[in-house]
Amino acid sequence: MNSKSEVIALSSLAAGECCWVAAIEIHGLLRRRILDMGMVPGTTVECIRRSPSGDPIAYKVRDSIIALRHDDASNIKVFTSNN
Amino acid sequence: MVFSTETQQRVLREHFGIASAANQLIIALAGNPNVGKSTVFNALTGLRQHTGNWPGKTVDNAQGTFTYQEQSFLLVDLPGTYSILAHTVEEQVARDFICFGRPDVTLVVLDATCLERNLNLALQIMEITPNVVVCVNLMDEARKKNIRVNIKALEKELGVPVVATAARNSEGLDELLSVLYQFANGKLKPCPKRIDYSPEVEAAVETILPKIQRLIDHKLDPRWVTLRLLDGDQGFIESISLHLELNPLQTHKEAAV
């Protein structure tokens, strides 16, 4: 992984920004569902758009778009590149 | 496999509310939501359908019949799910039918426009049973989006037959029927790719596997059962005790040793 990468919460991504999943700090049912959607460590995720209130947020994962609650997205840690 | 036709028919009738004829081959239809599963179902069965609920569940169940080369088939439409690791009632229904209903073939319908996400379900099902045929549907949509799917490569990679279709235009359905027929008659032999886990998980599987093998006695894929037990899937243990005549406590205890 890029040494300049920093780990942030997925929820703090602005629309149009890309990242890679570092860790999914969610447990139980939702974790399984997120994994089943193809969001696993290393997966590229792009923030597509944020709803007016900032919740939920739409992300593009493996050619499909999924919406996540802000709270849940904040528990997914991602790498972003600075360059 | 070890089940006689009568036993299978009885299990289908009593546990899943499905009445099949003796020489009828059972095909389970699985897939993610919105992949055109129902279009494939309708295209194959036409109006010869029967709808209702799965026994004891508020989940729709559709069954239909069709005949190809004088062979009668019963097609069972499973609920659309992203996974069969059973967290919702729909996933449980789909998993239990594939595990305990013992269909002759499970036809997994995939969306050609987002294959990667869809393959998750196909791989999960291939862990339960080798009797899988993959149908890559919505090929017309994929063409519109300039997505090309290399069917031969996919087939080689998965180790099971793969057919490309655009069910709403009846494209590829003849080939699908022919593959299902050949598969059900043992003319196509699947050899599904096995998914290997991390060394820690594989070591744990190796420890437990012989004990599970003894208990399960080929009624289910012992490796898959082992993986579910390692996953701590309590719901699955309950399903085993419901559908197979094993003692779940014994299974659990032995697994924990």
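Residues numbered from 1 in each chain as written. Chains lettered and ligands numbered in written order. Predicted model: local features only at pLDDT ≥ 70, side-chain atom pairs only at ≥ 80, totals over all residues.

Would you mind showing me how to read the overall build of chain A here?
Within chain A, the secondary structure is distributed over 2 helices and 6 strands. Its helices and strands taken in sequence order, chain A reads β-β-α-β-β-β-α-β from the N to the C terminus. Taken over the C-alpha trace, chain A has a radius of gyration of 12 Å; the compact-globule value for 83 residues is 12 Å, and the two agree within 12%. With the C-alpha coordinates of chain A rotated into their principal frame, the extents come out at 30 × 30 × 25 Å. Burial analysis of chain A (83 residues in total) assigns 23% to the buried set. Residue pairs in contact within chain A that sit at least 24 positions apart in sequence constitute 56% of those at least 6 positions apart. (Helix = DSSP H or I, 4+ residues; strand = E, 2+ residues; numbered from the N terminus. Rg over C-alpha atoms; globule rule 2.2 N^0.38 Å. Buried ≥ 20, exposed ≤ 12 C-beta atoms within 10 Å, placed from the backbone. Contact = placed C-beta atoms within 7 Å.)

Just to check I follow, could you spell out the overall build of chain B for this structure?
When helices and strands are counted, chain B shows 11 helices and 7 strands. Taking 18 Å as the expected radius of gyration for a compact globule of 257 residues, we find that chain B reaches 18 Å, a close match to that expectation. In terms of its C-alpha atoms, chain B occupies a principal-axis envelope of roughly 55 × 40 × 35 Å. Split into buried and exposed, the 257 residues of chain B put 41% on the buried side. Within chain B, residue pairs in contact and separated by at least 24 positions form 66% of the contacts whose partners lie at least 6 positions apart.

Sorry, what's going on with the domain arrangement of chain B here?
Many authors give the size of an interface as the accessible area that is lost as the parts come together. Residues and elements named next belong to chain B. In terms of domain boundaries, chain B breaks down into domain 1 (5-184) and domain 2 (199-256). Summarising the inter-unit geometry, the C-alpha centres of domain 1 and domain 2 are found 26 Å apart. Residue-level contacts link 9 residues of domain 1 with 8 residues of domain 2. Elements supplying a minimum of two residues to the side of domain 1 that touches domain 2: α3 (89-100) and α4 (115-128). Top contributing element to the side of domain 1 that touches domain 2 by residue count: α3, with 4 residues. For the side of domain 1 that touches domain 2, the class distribution of residues is 4 nonpolar, 3 polar and 2 charged. (Domains from an automatic or database assignment. Nonpolar A, V, L, I, M, F, W, Y, C, P; charged D, E, K, R; others polar.)

Before we go on, may I ask you to explain the nonpolar core in this structure?
General note: in soluble globular proteins, nonpolar side chains tend to be found buried as a group. Residues and elements named next belong to chain B. Judged by nonpolar contacts, the single largest core of 64 residues is most densely connected at I27, L29, V108, V134 and C135. When we break this core down by domain, the ones giving at least three residues each are domain 1 (5-184) and domain 2 (199-256). Filtering out sequence-adjacent residues up to four positions away, C135 remains in contact with V40, L107, V108, V109, L110, V163, T165 and L176. (Core = buried A, V, L, I, M, F, W, Y, C linked by C-beta atoms within 7 Å.)

Sorry, what's going on with helix α2 (residues 37-45) of chain B here?
All buried positions along α2 of chain B are accounted for by K37, V40, F41, A43, L44 and T45 of chain B. After α2 of chain B finishes, the residue G46 of chain B shows a positive phi value of roughly 60°.

Just checking my understanding: could you explain the sheet that holds strand β1 (residues 6-9) of chain A for this structure?
As a general point, the strands of a sheet are linked pairwise by backbone hydrogen bonds and lie either parallel or antiparallel. Residue and element names in this part refer to chain A. The antiparallel open sheet is built from 6 strands, whose spatial order is β1-β6-β2-β3-β4-β5. Two strands in the sheet have a free side with no partner beyond their single neighbour: β1 and β5 (64-68). Here the strands of the sheet are splayed against their neighbours by 45° on average, with no regard to which way each runs. (Pairing = 2+ DSSP bridges. Axes fitted to C-alpha atoms, helices over the stretch in contact; angles between N-to-C directions.)

What is the right way to look at the pairing of strand β2 (residues 49-53) of chain B in this model?
Side-chain direction in a regular strand flips from residue to residue, so the side chains alternate between the two faces of the sheet. In terms of residue burial, β2 of chain B counts as a barely covered element, since only 0 of its 5 residues are buried. Here β2 of chain B folds back onto strand β3 (residues 60-68) of chain B, and the loop between the two strands holds 6 residues, one of which, G56 of chain B, carries a positive phi near 75°.

How do you make sense of the sheet that holds strand β4 (residues 71-77) of chain B when you look at a structure like this?
Residues and elements named next belong to chain B. Spatially, 7 strands are ordered β2-β3-β4-β1-β5-β6-β7 in an open sheet, and the strand pairing comes out mixed. Only two strands of the sheet have a single neighbouring strand rather than two, namely β2 and β7 (162-164). The mean angle between the axes of side-by-side strands here comes to 25°, regardless of whether they run parallel or antiparallel. Against the sheet, helix α6 (residues 151-158) touches β6 (132-137) and β7, its axis set at about 155° to β7.

Sorry if this is basic, but what is going on with the environment of R49 of chain A here?
Structurally, the position occupied by R49 of chain A is in strand β3 (residues 44-50). A C-alpha to C-alpha distance of 7.4 Å links R49 of chain A and G16 of chain A, two positions 33 residues apart in sequence.

I would appreciate a short explanation of the interface of chain A and chain B in the present structure.
Each side of the interface is counted separately: chain A has 8 residues, and chain B has 9 residues. Broken down by element, the side of chain A that touches chain B gets its largest block of residues, 3 residues, from helix α1 (residues 29-36) of chain A. Within the side of chain A that touches chain B, the residues separate by chemical class into 2 nonpolar, 2 polar and 4 charged.

Any chance you could explain the environment of S11 of chain A here in plain terms?
Within the secondary structure layout, S11 of chain A lies in the loop between β1 and β2 (18-24). Once residues lying within four places of it in the same chain are set aside, the contact partners of S11 of chain A are I57, H70, A73 and S74 of chain A.

Teacher, can you tell me more about the environment of V61 of chain A here?
Residues and elements named next belong to chain A. Note that V61 resides in strand β4 (residues 57-61). For the pair V61 and E25, spaced 36 residues apart in sequence, the C-alpha to C-alpha distance is 18 Å. Sequence-distant contacts of V61, defined by excluding residues within four places in its chain, comprise M37, G38, M39, T43, V45 and I66.

When you look at the confidence of the model for chain B in this model, what are you seeing that I'm missing?
Caution is warranted with low-pLDDT regions, since their predicted coordinates should not be read in detail. A residue-level look at chain B finds 93% of positions with pLDDT of 70 or above and a mean pLDDT of 87. With a pTM of 0.85, the predicted complex shows an ipTM of 0.74. (pLDDT = per-residue confidence, 0-100.)

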